[in-house]
Amino acid sequence: MGYRWVVLSIGALAQGTNAAIFLGLPAISPQLQQHFSLTLPQVGLLLGAVNLGTMIALVPWGVVADKRGERLVMTIGGLGAAACLLSVALGNAWIAGLALLGAGLFGASVNAASGRAVMSWFSSGSRGFAMGVRQTATPLGAALTAAVLPGIAISAGVPTAFVALAGVTAFVALAVALLVREPPGAIRAGSDHGLVLKDPRLLRLSLASGLLVVPQFTATALLVPLLHEHRGMSVTAAAAVFGVAQALGGAGRLAVGVWSDRVRSRIGPLKIVSMITASGFVLVAVLDQAPLPVLVAVLVPASAFALCWNGLAVTEAGELAPDGRSATAIAMQNSANYLSAALTPFVASFVAVYVAWPAAMVLAAVAAVAARVLLQPWRSLRASSPQNSRSVS
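Residues numbered from 1 in each chain as written. Predicted model: local features only at pLDDT ≥ 70, side-chain atom pairs only at ≥ 80, totals over all residues. Heavy atoms only, no water.

S.K.: Could you give an account of the overall build of the chain, with specific residues and numbers?
M.R.: A tally of helices and strands in the chain yields 15 helices and zero strands. At 19 Å, the chain has a C-alpha radius of gyration in line with the 21 Å of a compact globule built from 393 residues. A principal-axis box enclosing the C-alpha atoms of the chain has dimensions of 55 × 45 × 35 Å. Here the chain, with 393 residues, has 61% of them falling under the buried criterion. A fraction of 84% describes how many contacts in the chain between residues 6 or more apart in sequence connect residues 24 or more apart. Carbon and sulfur atoms make up 71% of the accessible area of the chain, which amounts to about 14000 Å² in all. Positive and negative charge centroids in the chain, built from 23 and 11 side chains respectively, lie 4 Å apart. (Helix = DSSP H or I, 4+ residues; strand = E, 2+ residues; numbered from the N terminus. Rg over C-alpha atoms; globule rule 2.2 N^0.38 Å. Buried < 20%, exposed > 50% of the residue type's maximum accessible area, 1.4 Å probe, protein only. Contact = heavy atoms within 4.5 Å. Areas by Shrake-Rupley, 256 points an atom, 1.4 Å probe, with all protein chains shown as cover. Lys, Arg positive; Asp, Glu negative; His and termini not counted. Charge placed at Lys NZ, Arg CZ, Asp CG, Glu CD.)

S.K.: I'd like a description of the side chain of N18, backed by residues and values.
M.R.: Relative to the assigned elements, N18 resides in helix α1 (residues 3-22). Within the structure, N18 has its side chain in polar contact with the backbone oxygen of G107 (distance 3.5 Å). Once you skip the residues sitting within four places of it in the chain, N18 turns out to touch G107, V110, N111 and Y338. (Polar contact = N/O pair within 3.5 Å; in protein donor to acceptor, adjacent residues only side chain to side chain.)

S.K.: Explain helix α7 (residues 158-179) to me, and be specific about the residues and the numbers.
M.R.: For α7, with 22 residues, the first-to-last C-alpha span of 32 Å sits near the 32 Å given by 1.5 Å per residue. The complete set of buried residues in α7 reads V158, A161, F162, L165, A166, T169, V172, A173, A175 and V176. Summarising the contacts, the buried residues of α7 are in contact with α1, α2 (29-36), α4 (70-88), α5 (93-121) and α6 (124-156). (Expected span 1.5 Å × (residues − 1).)

S.K.: Got a sec to walk through the pattern of salt bridges? Specific residues and values, please.
M.R.: Two side chains carrying opposite charge are able to pair once their charged atoms lie near each other. All chains considered together, the criterion is met by six salt bridges. A salt bridge links E319 to R127; its shortest N-O distance comes to 3.3 Å. A residue pair is termed long-range when its members are at least 10 positions apart, and E319 in helix α13 (residues 310-320) and R127 in helix α6 qualify at 192 residues. With respect to class, E319 is no different from R127; both count as buried. In this structure, E319 engages R266 in a salt bridge whose closest nitrogen and oxygen atoms are separated by 2.9 Å. Remark: R266 occurs in the loop between α10 (235-263) and α11 (267-286) and E319 occurs in helix α13; sequence separation between them is 53 residues. Since its relative accessible area comes to 1%, E319 is described here as buried. When salt bridges that share partners are traced, they join D66, E70, R116 and E182 into one network. (Salt bridge = Lys/Arg side-chain N within 4 Å of Asp/Glu carboxyl O.)

S.K.: Would you mind going over the packing of aromatic side chains in detail, with residue names and values included?
M.R.: Applying the stated criterion to the full structure yields five aromatic pairs. Plain terms: the ring middles of W5 and F122 are 5.1 Å apart, the flat faces sit at 75° to each other, and that makes the pair edge-to-face. A residue pair is termed long-range when its members are at least 10 positions apart, and W5 in helix α1 and F122 in the loop between α5 and α6 qualify at 117 residues. Note on W5: relative accessible area 35%, which makes it partly exposed. Under the relative-accessibility criterion, F122 is labelled buried at 1%. Look at W5 and F129: their rings are 6.4 Å apart centre to centre, the planes differ by 65°, and that puts the pair in the edge-to-face class. A residue pair is termed long-range when its members are at least 10 positions apart, and W5 in helix α1 and F129 in helix α6 qualify at 124 residues. Put simply, the rings of W5, F122 and F129 pair up and form one aromatic cluster. The ring of Y3 carries the charged tip of R181 above its face, separated from the ring centre by 4.0 Å. (Phe/Tyr/Trp six-rings, centres within 6.5 Å; stacked < 30°, edge-to-face > 60°. Lys NZ or Arg CZ within 6 Å of the ring centre and 35° of its normal.)

S.K.: So what's going on with the side chain of N111? Residues and values would help.
M.R.: Among the structural elements, N111 can be located in helix α5. Leave out the neighbours within four places in its chain, and N111 touches Q15, N18, T54, L58, R134, I330, N334 and Y338.

S.K.: Which residues make up the layout of surface pockets, and what values go with them?
M.R.: Of the pockets and cavities examined, the largest pocket occupies roughly 360 Å³. If you trace the largest pocket, you find 15 residues lining it, with L45, L46, A93, W94 and G97 closest to the centre. Of all the secondary structure elements, the ones that give two or more residues to the lining of the largest pocket are α3 (40-68), α5 and α14 (326-354). Looking at the lining of the largest pocket element by element, the count peaks at seven residues for α3. Residues that form the lining of the largest pocket fall into these classes: eleven nonpolar, four polar and no charged. Its volume calculated, the second largest pocket comes out at about 310 Å³. Counting only elements with at least two residues in the lining of the second largest pocket, the list comes to α1, α6 and α7. Here the residues of the lining of the second largest pocket are counted per class, giving 13 nonpolar, four polar and no charged. (1 Å grid on protein atoms, 1.4 Å probe; cavity = no way out; pocket = protein on both sides within 12 Å on 5 of 7 lines; lining within 4 Å. Points joined across faces, edges and corners; volume = space filled by probe spheres on them. Nonpolar A, V, L, I, M, F, W, Y, C, P; charged D, E, K, R; others polar.)

Next up, the structure:
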């Protein structure tokens, strides 16, 4: 019984470390912009390279995890990502972009494989909480990165910041290799992954998730520039606000996971969170020129709600999958997330700079409403699927 918490802890640690790359790097957007002599939209493209690489590799890594197990996949992926992060420190913006693309390609291993590990070790009645813990590590990893990385980048330089990220990533990969194993009787997948990828509900869930990433990554990519460049807050203070929003989003992931276990539904809470997120971004747009304390008081909870929904969608995706194929289903759902995450920083930055900052917030709100529409009506398979009643001790 106790070992499943070891698996959850290592899976969450790996997830949080991966988040330091794809969610935490925006905290040093000003330093990246200065170091590589880029415009804000160009920084958005640079940061989007991580998410593009992740999106491309997710399903292949998921298939391999279902066939070969999560320990092998996460170890190879983590060490590869660490090597790519070291490469960022070596060159110009083009080399950095290719290296970040590679970090995404290797880092994608964590998303599907760690989800499979948690799905395997926890039963349906506690899976929402467990996946909430795993998903909470994502904004918490980003929050910790936001607290530490700007100081490293300012005092020691951008290359040193990437060397630090590489070291942490390699350490976690070694921890996975030493401590993660599959439960007794774990089912390995065959060659019928195409059936999983064609499930219409999984496809609809994936599309809705991709739309919900728009407000999530609008907040992630633009919160620091909005407060610093648009409203004049210091970089340090803006990064601190970013960190608070990420931490609250992490707590929200845990809370909505427990909520979904109690109501025995992932989709019901997901619909509610979608509408609250949309409302929050409309308020941010309306209060764009309000006094800074008022804007921050609205921006932080709006960003937190935009961050808190992921565990619900990931858990639903895994529970829709047949036995032994949860990594593939989770990877499919995550692919839409990362495609959206690759595009959103550039699109949101472009709209903010060349149209208006409130317009970028409204675009995020519209995407959240569209996601809510896609999720209605919906009937989960969770209660009726035999594999979802299985528990592991």
